[in-house]
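Chain residues, written in single-letter form:
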Amino acid sequence: MLRFPRPTQCEQSSHAELGELPAVYPVIAGVTVVEYATRLERHIYRPVDAEYETACRTWALAADLRPAAVAFPRTPDEAIDVVRQAAADGLRVAPIGTGHGAYSFGDLSDTVLVRTNRLSDYQIDPGAGTVRVGAGAIWVPLIDMLGEYGLAVLHGTAPTGGIVGHTLGGGIGWYGRSRGLAANSVTAVELITADGELVRIDANHDPELFWALRGGGGANFGLVTALEFTPEPIRTAYAGVLVWDLREAERVLPRWVEWTASVPDAVTSIYRQVQYPLVPEIPDLLRGRKLVVVDGAVLGSDAEAEAIMAPLRELRPKWDTFRRVPARSLSRLHNDSEQPSTGGLRSALLGALPSAALDQLLSVTSDSSLVVTAELRQLGGALSRPAPGGGVLNRLDGEFLLFAGGVATGPERARTIADHDRTLEAMAPWFANRSYLNFAQQAVDPATGFDPGAWQSLLRIRRRVDPYGVFRANHEIPRV
Ligand SMILES: Cc1cc2nc3c(=O)[nH]c(=O)nc-3n(C[C@H](O)[C@H](O)[C@H](O)COP(=O)(O)OP(=O)(O)OC[C@H]3O[C@@H](n4cnc5c(N)ncnc54)[C@H](O)[C@@H]3O)c2cc1C
């Protein structure tokens, strides 16, 4: 049996003929969270252990997680032991995959952090059209496997992001406007309950909990050991990147916003202003460069896609990589950091953006030297329509998702975050008054993630399935 110290005892210390998209931004070498976590040999680390600091380190390098203990279960049975023992010891349990959402945890001194990286199996049945992944699975291996069969999943832009955290928190990605939120492609969830039982939840087994899990975040209701979902028959896309110098932002931003209002749901795109820092890790081609980038994916024929892209191409980008690519190429299209990062961000859902809003965004980002990326993600389409039979988050309110992100440690970090906050504050008049919790890297009122009626149901379901609050999510639904 596993034993944890009580808080008081803790010393806190194929399309083979289609080429892949060219790498516009070369990937910085390093190890992923999964590789790194699986190098640790033991199963439990406590604050007194020499490797405790390493065991606490996740994708979010600047998150100072100091749990009562860190567990790395290798099987669902080991995870059950962890949950039961933690509860018996009066500790709480916080499941975590890669740590892409780790900044929004508070004090974990009474909590066992359960890292799922070793529960990362992938099972696909292309004939039946089903996918089953373990709790620690990340996107890239699954996307590559399914690509062989002309299938795709509703992944996000971070290739090494965790499937469970992304999907149960909603999940927007390159197919968002045509297929909706990833949460609504889930067909079953296997999870360990607060009593330490492994159960399978689906439309016929506790449908109320199944509804809450799909968008309500897994850790509010249990420790998810596996997810099943339905892949989409998507073999290729017309996708790529358009790049201009940042000085062109005044021309490109209004055109892009106007264009988003006119394009069909087959298109999902992202506008961003990137300022690459002067650090050696950034390749020569990009170091210190200031750019405007529009990346995106169009599902449709080449002729349709070219007609759709024409208004943006009229602005004569200096790089244009849009063309037909295998769907698996989209996993790295946005060039999110695959390795643990000090990156942090602030985000908000925005409504329609009139010209005053665009002027404001251009003005605040032009003197936000520490905002490495200011990004607008195009929403709408299937993301804004209620998914039939969907979960608690079956649509997103808002036309755009804004985020401001940067990379910094030490004293610079506080200034960087202040710059992000300033960007968000400047755009407050256009907030959609709803949060997208998946992208909230700071503590926010989780009620703002849901319709008021849905929130009341989530409170009730949380009280029913976890009355003593064994589980701890990064955005926790209270038990009151
Ligand atoms: C660089 C970057 C890019 C991103 N891109 C996108 C994007 O394109 N689309 C999008 O929708 N979101 C995106 N996000 C947000 C991301 O989807 C969320 O942060 C998501 O929660 C990450 O899941 P994870 O498992 O990787 O992270 P983690 O931090 O490991 O998990 C996040 C939370 O999910 C819950 N959770 C994780 N595993 C389990 C489990 N086994 N059982 C129960 N609960 C669990 C926990 O509450 C945990 O705190 C991005 C974030 C970053 C940092």
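Residues numbered from 1 in each chain as written. Predicted model: local features only at pLDDT ≥ 70, side-chain atom pairs only at ≥ 80, totals over all residues. Heavy atoms only, no water.

- The protein chain carries the name FAD-binding oxidoreductase in an unreviewed UniProt entry, which gives Cryptosporangium phraense as its organism.
- Of the comments in the UniProt record for the protein chain, the one headed Cofactor (unreviewed entry) reads "FAD".
- Under the Sequence similarities (unreviewed entry) heading, UniProt states for the protein chain: "Belongs to the oxygen-dependent FAD-linked oxidoreductase family." (UniProt positions renumbered as here; feature names shortened; annotations may be inferred.)

Topic: the pattern of salt bridges
Part 1: Scanning the entire structure with this criterion turns up 33 salt bridges.
Part 2: Among the ionic pairs, Asp 64 bridges to Arg 66, the shortest N-O distance being 3.3 Å.
Part 3: Classification of Arg 66 by relative accessible area gives partly exposed; the value is 23%.
Part 4: We note a salt bridge from Asp 421 to Arg 346, for which the minimum N-O separation is 2.8 Å. Remark: Arg 346 occurs in strand E15 (residues 343-350) and Asp 421 occurs in helix H11 (residues 410-426); sequence separation between them is 75 residues.
Part 5: A relative accessible area of 26% means that Asp 421 is categorised as partly exposed.
Part 6: In this structure Arg 346 comes out as buried when scored by relative accessible area, which is 14%.
Part 7: Through salt bridges with shared partners, a single network forms among Asp 121, Arg 132, Glu 190, Arg 200, Asp 202 and Glu 228. (Salt bridge = Lys/Arg side-chain N within 4 Å of Asp/Glu carboxyl O. Buried < 20%, exposed > 50% of the residue type's maximum accessible area, 1.4 Å probe, protein only. Helix = DSSP H or I, 4+ residues; strand = E, 2+ residues; numbered from the N terminus.)

A few points about the packing of helix H10 (residues 355-366) against H11
Part 1: One way to put it is that H10 packs onto H11 with a least axis distance of 9 Å and a crossing angle of 165°. Looking at the two axes, H10 sits roughly antiparallel to H11. In this structure, H10 crosses over H11, and the sense of that crossing is right-handed. Each of Gln 360, Leu 361, Val 364 and Thr 365 in H10 lies in contact with H11, whose residues at this interface are Arg 422, Thr 423 and Ala 426.
Part 2: When its residues are assigned to classes, the contact of H10 with H11 shows 3 nonpolar, 3 polar and 1 charged. (Axes fitted to C-alpha atoms, helices over the stretch in contact; angles between N-to-C directions. Parallel < 35°, antiparallel > 145°, perpendicular 65-115°, else oblique. Left-handed = near helix turned anticlockwise from the far one by under 90°. Contact = heavy atoms within 4.5 Å. Nonpolar A, V, L, I, M, F, W, Y, C, P; charged D, E, K, R; others polar.)

Quick word on the site of the ligand
Part 1: With respect to spatial proximity, 35 residues lie near the ligand, and among them Gly 97, Thr 98, Gly 162, Ile 172 and Tyr 436 are the closest.
Part 2: One of the backbone nitrogen or oxygen atoms of Ala 219 is found 3.1 Å away from a nitrogen atom of the ligand.
Part 3: Val 224 places a polar main-chain atom, nitrogen or oxygen, 2.9 Å from a nitrogen atom of the ligand.
Part 4: Compared with its free state, where it exposes 940 Å², the ligand has 95% of that area covered by protein.
Part 5: Taken together, the elements giving at least two residues each to the shell around the ligand come down to strand E3 (92-96), helix H5 (163-168) and strand E9 (223-229).
Part 6: By residue number, the principal contributor to the shell around the ligand is H5, which donates 3 residues.
Part 7: A per-class count over the shell around the ligand returns 15 nonpolar, 18 polar and 2 charged. (Near = heavy atom within 4 Å. Polar contact = N/O pair within 3.5 Å; in protein donor to acceptor, adjacent residues only side chain to side chain. Areas by Shrake-Rupley, 256 points an atom, 1.4 Å probe, with all protein chains shown as cover.)

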